Structures are given as structure tokens and as C-alpha cells.
Number of protein chains: 2
Amino acid sequence: MEAGQVSSGVRERPSLRPLWDARGIAVVGASDRPGAVGRLPIQFLQRYGYAGGIYPVRPDGAPVAGLTSYPSIGAVPEPVDLAMVMVAADKVIGAVREAAAAGVPVVIVCSSGFAETGEVGQVLQEELVATAHELGVRVLGPNCIGTVGTATGQVSSFSPLFSGASTQLVPGGLGFVSQSGALGYGAVSLAFERGLGLGWVVNTGNEADIGATEVMAALAEEPGCTGILGYAESLGGLDSLAALAARGIPVAMLKAGRSDAGARAAASHTGALAAGDKVVDAALRRAGVVRVDDIEELLDVGEVMDLVPGVRGKTVRTVAIVTTSGGSGILAADAVEAHDRHLQLATLSSETLAALDEIVPAYGATANPVDVTASVMSNPDLFDQALTAIAGDAGVDAIVACFCVLAGKDVDDVVEALARVRAASGVPVIVVRTGADHLAPEAAATMRAAGLPVFTTPVRGVRALAALAQMVEHGKRQRPDGPSGVASPPVRCGGGDRPGGQGGPSGGVGAGMDERELKTALAAAGLPVPVGRIATDRDDAVTAVAEAGGRAVAKAVVPGLLHKSDAGGVVLNVTVEDAAEVFDRLAALGGQVLVEEMVPGGVEALVGSADTPLGRIVSVGVGGILTEVIADVALRLLPVDRADVEEMIEETRLSQLLAGVRGQAPADHDALVDTVLAVAELTATLPAGAELDLNPVTVLAQGKGARILDAALALPQLEQPEHDIPDQIAGD
Amino acid sequence: MEAGQVSSGVRERPSLRPLWDARGIAVVGASDRPGAVGRLPIQFLQRYGYAGGIYPVRPDGAPVAGLTSYPSIGAVPEPVDLAMVMVAADKVIGAVREAAAAGVPVVIVCSSGFAETGEVGQVLQEELVATAHELGVRVLGPNCIGTVGTATGQVSSFSPLFSGASTQLVPGGLGFVSQSGALGYGAVSLAFERGLGLGWVVNTGNEADIGATEVMAALAEEPGCTGILGYAESLGGLDSLAALAARGIPVAMLKAGRSDAGARAAASHTGALAAGDKVVDAALRRAGVVRVDDIEELLDVGEVMDLVPGVRGKTVRTVAIVTTSGGSGILAADAVEAHDRHLQLATLSSETLAALDEIVPAYGATANPVDVTASVMSNPDLFDQALTAIAGDAGVDAIVACFCVLAGKDVDDVVEALARVRAASGVPVIVVRTGADHLAPEAAATMRAAGLPVFTTPVRGVRALAALAQMVEHGKRQRPDGPSGVASPPVRCGGGDRPGGQGGPSGGVGAGMDERELKTALAAAGLPVPVGRIATDRDDAVTAVAEAGGRAVAKAVVPGLLHKSDAGGVVLNVTVEDAAEVFDRLAALGGQVLVEEMVPGGVEALVGSADTPLGRIVSVGVGGILTEVIADVALRLLPVDRADVEEMIEETRLSQLLAGVRGQAPADHDALVDTVLAVAELTATLPAGAELDLNPVTVLAQGKGARILDAALALPQLEQPEHDIPDQIAGD
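All values reported here derive from a predicted model rather than from experimental measurement. (Residues numbered from 1 in each chain as written. Chains lettered and ligands numbered in written order. Predicted model: local features only at pLDDT ≥ 70, side-chain atom pairs only at ≥ 80, totals over all residues. Heavy atoms only, no water.)

1. Regarding the packing of helix α12 (residues 350–359) of chain B against helix α14 (residues 380–391) of chain B
Residues and elements named next belong to chain B. Where α12 meets α14, the axes come as close as 9 Å, and the angle between the chain directions of the two elements is 170°. The orientation of α12 with respect to α14, classified from their angle, is roughly antiparallel. Where α12 abuts α14, its residues Thr-352, Ala-355, Leu-356 and Ile-359 lie against Leu-382, Gln-385, Ala-386, Ala-389 and Ile-390. (Axes fitted to C-alpha atoms, helices over the stretch in contact; angles between N-to-C directions. Helix = DSSP H or I, 4+ residues; strand = E, 2+ residues; numbered from the N terminus. Parallel < 35°, antiparallel > 145°, perpendicular 65-115°, else oblique. Contact = heavy atoms within 4.5 Å.)

2. Quick look at the interface of chain A and chain B
Contacts between chain A and chain B engage 74 residues on the former and 74 residues on the latter. For the pair chain A and chain B, the interface holds 2 salt bridges. Measuring nitrogen to oxygen at the nearest pair gives 2.9 Å for the salt bridge that ties Arg-460 of chain B to Glu-296 of chain A. Linking chain A with chain B are 20 residue pairs in polar contact (both at pLDDT 80 or more), by the criterion used here. Tallied by class, the residues present in the side of chain A that touches chain B amount to 33 nonpolar, 25 polar and 16 charged. (Salt bridge = Lys/Arg side-chain N within 4 Å of Asp/Glu carboxyl O. Polar contact = N/O pair within 3.5 Å; in protein donor to acceptor, adjacent residues only side chain to side chain. Nonpolar A, V, L, I, M, F, W, Y, C, P; charged D, E, K, R; others polar.)

3. Description of the pattern of salt bridges
Under the counting rule described, the total for this entry stands at 75 salt bridges over all chains. Across the pair Arg-291 of chain B and Asp-277 of chain B runs a salt bridge, and its minimum N-O distance is 2.7 Å. A residue pair is termed long-range when its members are at least 10 positions apart, and Arg-291 of chain B in strand β12 (residues 289–292) and Asp-277 of chain B in helix α8 (residues 277–286) qualify at 14 residues. With respect to burial, Arg-291 of chain B and Asp-277 of chain B carry one shared label: buried. Ionic contacts of the salt-bridge type, sharing partners, join the residues Arg-194, Glu-297, Asp-300, Glu-303, Arg-448, Arg-460 and Arg-463 of chain A together with Glu-296 of chain B into one network. (Buried < 20%, exposed > 50% of the residue type's maximum accessible area, 1.4 Å probe, protein only.)

4. Description of the relation of the copies chain A and chain B
Superposition of chain A onto chain B requires a rotation of 180° combined with a translation of 0.0 Å along the rotation axis, giving an RMSD of 0.2 Å. Seen this way, the second copy is the image of the first under a two-fold rotation axis. Across chain A, the rotation axis passes nearest the C-alpha of Ile-630 of chain A, at a separation of 3.7 Å. Interface overlap between copies: 100% of the residues of chain A at the interface are likewise at the interface in chain B, consistent with a symmetric, same-surface contact. (Least-squares fit on C-alpha atoms with pLDDT ≥ 70 in both.)

5. Describing the pairing of strand β16 (residues 398–403) of chain B
Residues and elements named next belong to chain B. Among the 6 residues in β16, 6 count as buried, and that is most of the element. Bridge count between strand β13 (residues 318–323) and β16: 5 bridges; the pairing is parallel. Paired with Val-319 across the bridge in β16 is Ala-398. Both β16 and strand β17 (residues 429–433) contribute to a ladder of 5 bridges, which runs parallel. Note on β17: the bridge partner recorded for Ile-399 is Val-429. (Pairing = 2+ DSSP bridges.)

Structure (C-alpha cells):
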């Protein structure tokens, strides 16, 4: 593999490449004691056939594992691209300085005793980073187990995995990047055991300097890289991942800390600020990363990454299930429906059904799932014909072929037919074989070699196919505004930094605004607020009610009066006749009187925007009194376009509510989409940390628009009370 | 194992026992041709050490696999408990007659060509069943692959699994019952491969006579049976399963056909009527059966069944996670939260935390998940101390211990400490080892032998623990009304069989009732309906409004007028003053005028009951216009008690709505519970097939009760129009 060759330097060397393809490696803190961590990488480099130079470094210069050692890196006479530092924490910075002095560009700091141990370690880690920046050295770790370049046999790691008597490196096109060392190499051992080839393995540890996403981006530059698998507890730098996806390198990630408890544990483990899990979802989705929930699922997705180039530009959505086991077919159908966001059962054409009827006996089934029965399977020609008919159906994007105890010659026949049809049709084929490995020890390898990923159960096979569908879909959805589409709009820091300031330019949205001022600013930004204004006196109130359409809501605007309704500060159904009397009543509460049009009932949505550690997001979901009950909100990182917003609404029950439930008329879907887009645009004028919450936004009948009944703007540091405009409709 | 011995007959022989423990087996349709299905069971019985008699039966009496064959079963001179019939479909009934004549009590019909092939086969199958009933012979199958008694080496099956060169039977306490042959034996092969012992395997095929649940009940009678795993596409006879759970034999089942597509495929595969998936959930839950979604999950649950007796009577809910891998700990915490219906992270006591602080270094973590770090792990005493402290915490019900690449002596140390602490404390311990098997080939077996089930990933380990929690919980929740609690109340078949009849006794609920009659009947059954009655004339309308509290809803009751609101047939807020005028207006529509109290706004619920293939159910959920949007309904098979109904409400968002959202006052939770219980009781008076749908049931403020605003009763065959009483509150 080309990636494995030491390049001659014509092409510029990616700065991280020595992590998996170094010309020479110095091991600082080397030891000759059997089992010592300072001996293991040296032993592993020798055992797995690393062809570069291995240079133990230890003060006394005594030999290690039969190799000459050196008193310092500078004393090594050959080029050294990578130094592994395995000394006590307080000696690490000295070792990094020594490496830099010797011209070593990349250092793996394996030593622990840094940020993971608490404040003192954190200070030491910051000093380490500062030193690295000062000297222009890149540092992986600290507190990491090292890296592997499979093609070069570079096991620059001390994971006990590589001590295993039967451990073999399994080369392949996948990169594997993990923040966790133990779990990461555990997963690598499982990948190798199942024959899933990994070209590159990197454990990033504390990520003081080099982060997981930077490593992923660098791996994607390696010739032969077909995809990347990652395990992360904290996320950053997702822009670079989006670029990978855009270039057709699929990425799947297990982001731990989905739950509150898990997120707390992750934060205490890595010290990283946790973004809410829905934000993580949105960020990974935007970056085109497939998110998984378990280690086995991560490896399962790795099994199908090879298929991505073959279906690029096509769609993977409709699935035909072919089986000799009715039970497996049913389970596969269940699984397809469970992944209905990405997959659906194909409807076979009448031609296909007719062709299958000729082949499949009466006790089989030709409807999808197609149960070809064991008798067809035992006749390779018939099986081939059936597969060919299915793969040739224009309504079939992918095939899931399910078998159970498949042994002996049956395996060869099945593989042959599947591989032939797959090659001829270009249709991706996922194989499920629910049976012990020992019944057909070569089956998995044979199938993998034929481009047929194989899984133990229908659930796992279909789940991997759904991931393939996601990867293919993302490849097709690149935005006109660039490959990543992740860059947030420029966020102007204004009001947020000026306590008490009005924030933003004249007419903008800012801090310290009262309800009417905020609504006026929203209106100026193109957002639909109820017609209305402050009435200056009794006569003006009458005029204002007339302006609002003759039927109005009157509200007391009193600083600090949060629960207006309870205080009698809201009067519904005010007419021209009683406007003056109502004005007197509300004015008596000691503030101004706001008169607004009476908005009829509609679908109550919420629209918002907020800053998160992963960027600014916009959200839309079910609002009003159901906000917490349904808790059904979709969110996306900015920027968003109309298609994104349509998709967000579709993801929530808003789509049903807007379509009209129980005989209600359809609501003005487009007006809600416009409102979300306007909020997304408005966010560019909001200071960092601002949180805008419009809830409820009442979406009226089709053609009648939407109205923002309640709006709140929270700014950091200002502790501004949120505006609380009670629901006009509730009538409390 | 005792189960494996041929009993002397002192204890009465369960009628199905020959399926796994026959004294002699006749194979009808035996063949000497290598690979023939008529030879395989004979070969397998020999290979796996079956000690009973093996009697090939073939017309020509030629030897088979070196054994003497017989021209008929009757010619066999020794006792025959079991006949395997492997002849063409049209000869099967003759073979069954022959078996019966020879006094064979149980026959396995392996032959296909019955109901699975269509109508002709269905007729043949019915004839087979009739013959079996007539002769008093029990029939397994047809269209099945046979059975296995592991302890006796009775492989009365022709599954290719048993041809595998490395296949070995792994005895154990679990029974495995599958409707599907191919998938079932595929799963068995996976169980044996991972060392999960199965004492009994039965493939039920078409289930013409013997069904899966009957087999499960029979297996539970076997000494040494610790639990049962099942795969089913259709369900029946769940009462017998409930009895098992009550006796402490846990049952887990993979019921395929969860999705619509899957259910259709299952129906076409087995011809069985599909009950809705939520009904299947309710039925399995009532029977105490753990439902799983995948074959691997089924086997994973099998791994923890052994633990059930040890925790019987206790609770398994709070989980302490102990790990040497921060990442695994986070994933385990995520998984615990994902199973929050059954599990939660334990809060460690201050004493435990103090003890751990003494042991765990600073870079570990003592909060749950407890990251003891590799340094503690490498010191068996410290690890033991940490475990002991955790297991001794009264707030810890179970421990999940997560490791990664665990090899060599580490495995022994870990197992020793975990086993010791587990034995001393009685706290169940689940082990997760995310690493290749070859790194510690004996690890799984060593751990299993020590009562420590081991899983590859935290997600799988915690999922299995959640199943254990369910099994233990069910064992504790046996009902006072008997071990099963499944028996439905007697359903009186009445109105449903009498087209046009009034159904039920005087005062009961029946067909042909108009809105007021139905509500009166509901009221008579103790259900809360709005105060109201038919007003006979203008003056009476005034009286009726006064009776209803002076503020009423008036409705036209006109046969066939379904959309009253649209037709102006509903007037809200009727007072004594305008009652007469409103009466005139509604009476002009041509029917009667119903005057009901005006029910204020409240939480809208739905309450219903219906018959399903698995029994009669009662349901409660979010009602009103949100019914379809939220689609959040809990259901249970009858009977239900107050605790069940509380639990049903808790399962849905009703619990939040009733508690009061966005500042609303709490609603009358108890009134809703009473309503559901009254409906459950009322169902005893409803004919078979009746479907009662109360929606909305408005639940008022605490102490104010609930009111059934709309009620519909559907009866089979009558095609009666449903009553449609519009929501009083919507005001449309």
C-alpha cells in the first residue's frame, strides 16, 4: 500500500504523518526490563516488522531489546521523525525540548500525570502545550497509548493488545481514532479479530495539542484511506470533518456521553465542556458524520465504508430482502422499518414478481422479503436468476441477503452468486449469516473479499446498511456555499460584552428592551409580530384597538411584572367600546398599556436560537403549553437553508399539527419556515452568547401567516429578566 | 444432570418429554444415502452419544448407518417414545397412524408441504391435526427441523449445524424454543459457540398441534431448567408462560413482526393472525416475558438468567459501574440511562466514597462510574477493597465491571476478586470485556463458571442487566388473584351475535344506543359523564340548564347527524336566559335536544377497551386533538389493578399533563385512574369484539373529577355509526 511507503519528500509531508509512517522513532525512557512500558513499543516495532530506525534513548546508554541505545535523541545519528516520551510527568517537558532541539517534528507523550489528575497536572499540561507551540513541535497526548501504522508495521504503542500471542495486524483502508486508549485498543482488537482491516490507529489521550478531528483530517489525506472510525468523549474542530465527508471519505463516530450521567462522567474524564446531546447530533449530522451508540456498531459501519465509492451519486433507500429463512426475513423487515428515516422496503415491480414466481416454489414468498427457500438455494442457477431479477429491478437500491446455518459448499455457492450479481448490477449487497463461525470458518473472509460485508444478525446488517444510506446521502447534499457548510455566520460581539448596554445598532435586537421594543426589533428583522403599539391615553387606546382590527388584547407593560395574567394585567377581546375603560384599569397598575391585535388560535410552535460549544444553532419545535410535555424540537447548526428548515419541521410532530389534526384546517407551513429563516438571519446581529426564544409562535390558517406571541432574549452576564407575554388564547 | 436421565416412571412423564428425552426413537423414512435428511438424525443420534434405541424405519428393511432397520414402527421390538416422520407430505398421515398403532405418544413431523405451501397444504395439515386428535398422538411440526436434548445427546434433528466438524453440544439449564427452524438452529449454533449452555432445543415449525408456549411450559417442568429463550412469529397460550414466570423460570422472547412490514411477512409465513405490536408488548409483559429485538440480545439475556434465583425477592435497580477505562464507564452510564425504566445509576454513600478515596488515585474517579484506574487493578488487594466497599453499599443493587484489553494474569486476578466479592455480598456482577477473545481465550468460560456473565460492550452488558431487573421485578409482582393474573374476565357474548339487538341487560351498554343512552349506561357503570338530559320542550330546557349549573352546552341529537358542530348543532355557554331560544334553534334541526353541564377546560385523555387476538385490553393515553399527534397510549391485558393503571399513566405524557404544565394547576389524577378501572370493570358486560372509545375524557382540577365528553361504542357486524360528540371546549 502506497500509504505505507516512506515518501521521498517530493510531496509535502503532512505534519502528523510520522504518527503512523515515521522514518525513525526514538523511545525516550526506554527500558530493557521485560514487561516495562519503556520496552514494549520497541519490542512491538520489532515484532510487527517496522522497517524504520528504532532508537531507544536512556541516560546510561545500555542496550534495549538487543538494540543500541542513545543517551539523548540528539545523539541518534539517523533521521528521527517521531519521539515517544515515556518518562515521569515532571521530566516530559525536558524531553520535548530535547526532541525539538534534535529536529523531531512530532512527539507522542505517553506519560500520564497531566490534566487527568487535577489542577496541578492541568498546569503542567498547559506548560507542555506552551512549550510545544514555542518550539514548533506537535504533541500527541499526554496520557495516551500511542499509534499504529499497519502497512509499515509501526506499532508505536504500548497497548497490551500487541503482546497477544495471536495478535496480528490486519491492514486495510480504515483509520481508527480514539480519545480513549484502553477502549480504543479494545475496539481495535475486536476489529482485527473479525478481519476488519485498519490502516491507521491513533489514540489522542488528553488532546493537549493534537485533537481527534485534526488526526482524522490528516488520515483522510493518506492514499488508500476509505473511511474513518472514531471514539470521542468531547468534540471540536468538526469543520475539518465536514471537509472529509465532502471529499467522499465517510466518517463514523461513537460520541460517548449521550446521557446526563454519561456527559458528567465524560466531563470529569476529559475536562471538556459538554455540549447538549442534541447539539452534538446536529453538529455531527452537519459534518456528515454517522453517529453510532456502541463499539460493535462502530465496527459494523466500518464494514460498509468500502461500498461508498461504488454508490456515490446514487441513492440507497429501497431495500430488497432475499432469504432462505422466513424468520430472518421478518427480522430484517422489522429492522428496515425501524430505520425508516433512511431505508424502506422496496416494492418489487410486476415484472420482477413474475420472474420470481417462475423460480420460487409455492411455499416460498415473492413479495419483499423474498423467501427463495432452501430448494432454490440448493440450485445455484435458480438462486442466481432470482438475485438477478431482484437486482435488476429499478425500484431496488440495495439487497440484504439473510442466511442462517450456512456451511460447506453452500457458502461458496452463495458467495459466488451474490458477488456475480453485485458486480454485474452495482447494487450493494449486505449479507447476514446467523450461524457459528466454526461452521464456515472462511465464510466471512471470502465474502469480505468479494465486497460483501457480512453480519451476524438481520438487525446489525440492516443497521449498517442504514449507515451506508446516510453516508451516500450526505455525499449528495453538499451545499453551494462550500464543501463544509459548517462555518457559522460572523457573530458580532456587542451587547453581551457591555453590561447594561442596548446592544446592537439602532433598530436591532438588544439587551434591556421591554416587550414592545423587542417585538418592534423583531418586526424590523422581518419577523411576524402582532400588530400593536403603546397607547398613550384613553382616546389613543380606542384608536389603537381600531388599528388592531377592532378586537384587541390589552396588556400592562410594567417593569418587573412577570405574571401579568395573574395580576389582571392582560385583557382579551377588547373592543372599541370598552377600550377606554380597559386603558384606565391597566394604566392603574403603574406602567404603559400595550394594545395588540387579537390573534386567533393556531398551531403553537417555538423558534429559537442559541450559542453552543459547537456553534450557533437555530431550533424549531412544538411550542406553547406542550413545549415540555412533547419536548419535540429539531435543531441545526447555522447556516440553514429552506430545505433544512422543512426537514426540521418534518422531524417533529409540528408537521402533523401543521397539516391539521382531527378535522382542523391546515396551518401556514410556509410562514413558519419563513419565520425560522428570518430568525437564522437575525442571529447574525446578536452578540455571542445571546439566546432568543420565541414561544409560542402561533401559526395561523394557510395564507394567514404566523404571529410571535411571546419573545424572550437572554444575554450573557446581563441577567436580564425574560419577557413573559402570556398566551393570548388561553384566556386565564 | 438429572433432567438428562431416563426416569423410571415413578414421576408422571410430561407428555412432551420424549421430544428431548425419549427411550427409543423411530425414524420413519430413513435412508442410508450419505447426506440424506433421512439419514442425518440417525447419524447425529449416534455421533452425540444418544443412549436410547435408534430405529430406522424403511419399507425394505435395509440397514441404515450400520443399524438394523424395520419395515414399520410396529415391528420395533423395544419401546419407542418418539417417531420422526420424514416421508413425503402425502404419506405423513399414514405414518402418524402407524406410530399411534404402535403406541408412540409423540411424533415429530419434519416433512414440509403443509400449511406453509398454501390452501391445499392447509387442508392436509388440518387432516393431520384431526388424525392426531383422534388417535391421541401429539404432533410437533409439520415443517420442522426437530429437537435436541443436550444432556442425553438426543439430536432428533436434521439441522446442518450438527454436521459441523467442530460442533459440540453445550449442556446447560436453558431451554430454547423456536418457531423458525433455520433461524432457531442458527441461534443455537451461536449459543453453543459462545459457551452458553442449552439443555433443550425445540423447533415447533407450523405448530399444527404443539405450540411454542406449550413446549416452554413443559420444559419448565424439567429439573435443572433455569430459564427459557424463544423465537416466535405468532403468539398464543401466554397463560402458561405467566405460570412459569410465577414459578421463577424466566422467559425471554424474540417476537418478530414488530413493524407493519414484518407483521405482514410473519402473517404470510405462518398464516397466524397478527396482534398489534403494542398488544404483543402488553401480553408479554403481563406474562412476565422479557421481550428482545435481536438474536444476539436473546442470547445475552440467556447469559443472566442464572442470576435470577440469587436475587429473587430483592430489587435490581441501582447500578454501580466499576472500570479501568473511563470510556467504558461513560458508555455504561449512557446505557444505564437509556434503560431508565429498569435501571438507574447508584448514588454511592459518603462512607463508600471515603473508602474509595483511600484506594483510588487522583487521576481516577470515585463518583459512579468509579474509575479505579489500571494501577488499582494491578494490585489485587486494592481492587478487592474497592469492590468490597462498593458491593457493601446499601444503595447498590448490582455492579457492572468494565474492562478492555484484559489478558493473561489480569484476567485471573479480576475474576478472582469479582467472584469473591460477588459471593460474599450476593450482589449480581455483570462483566464487560471489550477485547478480542484470543487475548484471553479462557476468560469467558472462567467468568461464566464463577457466575459472572461477560459481554463484549457496555451497551450489551447493561441491556442484559436491565433484562435481569425486569425478570426479578416480575417475580416480585405476582398478583393476589393467582399466579398468572392473565385470565381474562368472562366475556359474555351477547349483542355482538345479535344484529340489531340492544345488547346486554337493561341498563347495560349495548348497540343501537344514541349518545345520551350510551352516556346514561356509562354513568350507570360508575363512569363520570356530564350532568345532563334530553329537554322535552322550551320550558324544560330552561330547567335543564338550571340543573346543569346554569351554564350548559346544548346539542341536537339527530340520528345520522355526525358533524353536529358544522351543522350548528352545538351551542356552548347556554344560560337560563337564552335556553328557550337555543332549544327552538336546535329542535328545528329535526331531533331531540340534549342539555349538558358546561365542562371547563382540563387535561384531555382517552380511555378505551378492545378485544385483540391475545385477549381484551384496556388503554389510557393522551386524548383530544393530540391523540394522533402524540400517539402516546399505554395498554394492558385485563385484569388490571390500581397499580397497573398508575403505571400506565406514568408511561405516557399524561403524567406530565396531569401534574400541570407551564403553570397550569394539577389535574385530578385519581379521577382518571378511577375512570380507567371502571372501564376495565365495565368491559365484563360488553360482548366479544366490542370496542369502547372514550375520547376526550376531560380531567378537571384536583378534586373536581373527570368527565367523558365523547364516547363511541363499536360492535362487530353491526356497523353501527360511532357517536360523535364534538369537543365542548373547542368552540368551533
